[in-house]
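# Reading the structure
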Amino acid sequence: MPDKKESPCVRCGSCKAHCPFPGFNPVEPFSPRAWMVLIDEYKDNKIEISKRVVELIYSCLLCDACKDRCPSGVDIRQNILWMRKELKDHLYGRALTAMRVLEIFYMSGRMGDIFMRYTGPLKKLFIELLLDKKIKIPKARIKEGIYEGEGKKKKRIFFFTGCLVRYIMHHFGEDLTRLLMRSGFDVIVSHDERCCGAPYESMGLHVEKERLIQFNKDMFSKYNPSEIITLCPTCAMFLRKEGIDILTLNEFIALNQERLIFSKNRDSEFVIHEPCHLRYSLGIDVTLYGDLLKDKGYNVRYMEGGCCGFAGPFAFINKEQGHDMSEKLRNIYIKSGIKNVVTSCPMCILSIKDDDIDVRHIVEVL
Ligand code: SF4
Ligand code: SF4
């Protein structure tokens, strides 16, 4: 990380136009330019860490909408992540709670996994308290195993479930396993899998993050799959950044369009919601798979939406802003007469879905 003398930020403010946060709190301190000023001043020993610094630095969604937008080449997200490492021992309130929950899960290892997998109502209560939202948890659980696909010449696909699919939205995993098997792929699901590490990085917990990455790398080596696939763009963005060759379902669809056997139920029209990490961090254009689905007879529409406001620990730490952002997005869709939204991020689904609007994962309609 360069010191201030090398910091290229010239305070032009171009980043503000792309950042979702100033749209909800349009005052200068809640803008990426102000966060860069804080970080540079901290490196120059001009300011000390305070509650206000924590509040402001934890207002960034880490969404990457500012990626490659700075004329001076500043990577704002990386600067924020660096600063959060510095703030780790100064957290308070909801940010401190979020960090402690992650630490407990990390330390409890297998116990945390057993709790999340087997404690039905208790787990539901725990997650609802954490998310501050009523949620439906399907009964079925992702089962570990190597599932044999149909046909003879098969690739072995490792399905990296990610925590949300693993513990809350198991049915997406079952849909993906079925899709892959009927399309002639073997599928590996392993309970050795650990959190990708993205939430730990976002809270400045770098030791834990590094260990989780190594753990997952060792696991992938053990199974030696032809490809690794996930239903979560945040897991994909994070693991790819760490050198792991992992595909989102969206990319897998585009690469394997001739081989995949899609469902025959293609009646209802849906709008595609683009998750930030898919669009900005991974640079995957919605038309990459949207047009392909249109060609296959799916009734797909595109529409500019925006950030869902979940963003990992963000919605927990910045409860009001997270709620306002998801409400705003829902209203955009509802006012446009849209009842069905399809996306490829479990976090977006948790954030946007409610009684007025159905939001499904793309794997549910394939
Ligand atoms: S980070 Fe880049 S875009 Fe933002 S104020 Fe600084 S120089 Fe301008
Ligand atoms: S990562 Fe997202 S929230 Fe953070 S400064 Fe960039 S655009 Fe704004």
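Residues numbered from 1 in each chain as written. Chains lettered and ligands numbered in written order. Predicted model: local features only at pLDDT ≥ 70, side-chain atom pairs only at ≥ 80, totals over all residues.

## Focus on the domain arrangement of the protein
Put simply, the test is: For the domain bounds, the source is a domain assignment made automatically or taken from a database. Here, residues touch in the contact sense if the C-beta positions derived from the backbone fall within 7 Å of one another. For this classification, the nonpolar set comprises Ala, Val, Leu, Ile, Met, Phe, Trp, Tyr, Cys and Pro, the charged set comprises Asp, Glu, Lys and Arg, and every other residue, Gly included, is treated as polar.
Here the protein is described as being made up of domain 1 (16-90), domain 2 (96-255) and domain 3 (269-365). For domain 1 versus domain 2, the separation of C-alpha centres amounts to 29 Å. Counting residues at the interface gives 6 residues for domain 1, matched by 6 residues for domain 2. Considering only residue class, the side of domain 1 that touches domain 2 consists of 3 nonpolar, no polar and 3 charged.

## Description of the site of ligand 2
What counts, and what does not: In this analysis a residue is considered near a molecule or strand if the C-beta atom, reconstructed from its backbone, is found within 6 Å of that molecule or strand.
C19, P32, C60, C63 and C66 are the nearest of the 14 residues found near ligand 2. Classifying every residue of the shell around ligand 2 gives 11 nonpolar, 1 polar and 2 charged.

## Thoughts on the sheet that holds strand β4 (residues 227-230)
What counts here: Two strands pair under a simple rule: DSSP has to find at least two bridges between them. Secondary structure elements follow DSSP: runs of H or I no shorter than four residues count as helices, runs of E no shorter than two count as strands, and numbering proceeds from the N terminus. Axis lines are fitted to C-alpha atoms, over the contacting stretch for helices. Their N-to-C directions set the angle, which ranges from 0 to 180 degrees.
Strand order in the open sheet formed by 5 strands is β1-β3-β2-β4-β5, with mixed pairing between adjacent strands. Each of the sheet's edge strands pairs with one partner strand only, and the pair in question is β1 (145-147) and β5 (246-248). Across this sheet, the average inter-strand angle for adjacent strands is 30°, counted without regard to direction. Strand direction decides the pairing type here: β1 and strand β3 (residues 185-189), joined by 3 bridges, are antiparallel. Each bridged residue has a counterpart across the sheet, and for G145 the counterpart in β3 is V189.

## Let's talk about the nonpolar core
Note the threshold: Think of a nonpolar core as buried Ala, Val, Leu, Ile, Met, Phe, Trp, Tyr and Cys residues, each tied to the set through C-beta atoms within 7 Å. Remark: C-beta atoms are placed from the backbone, and a residue is labelled buried if 20 or more other C-beta atoms sit within 10 Å of its own, exposed if 12 or fewer do, or partly exposed between those counts.
By size, the foremost hydrophobic cluster in this structure holds 102 residues, and its most contacted members are I57 and F159. With near-sequence residues (within four places) excluded, F159 lies in contact with G173, L176, T177, V187, I188, V189 and I229.

## Section: the site of ligand 1
Neighbouring ligand 1 are 14 residues, the closest being C9, C12, C15, C70 and V74. The biggest single contributor to the shell around ligand 1 is helix α1 (residues 32-43), with 3 residues. A class-by-class count of the residues in the shell around ligand 1 yields 9 nonpolar, 3 polar and 2 charged.

## Considering helix α4 (residues 93-108)
What counts is decided by this rule: Given a helix with a known number of residues, its expected span is that number minus one, times 1.5 Å. Here the arc refers to the set of directions running from the helix axis out to each C-beta atom.
Between its terminal C-alpha atoms α4 stretches 23 Å, which fits the 22 Å expected from 16 residues at 1.5 Å a residue. For α4, the complete set of buried residues consists of A95, A98, M99, F105 and Y106. Seen end-on, α4 carries its buried residues on one side only, within an arc spanning 125°. In α4, those exposed residues whose orientation departs by more than 90 degrees from the buried face are G93, R100, I104 and M107. Directly beyond the C-terminal end of α4, a positive phi value near 50° is found at G109.

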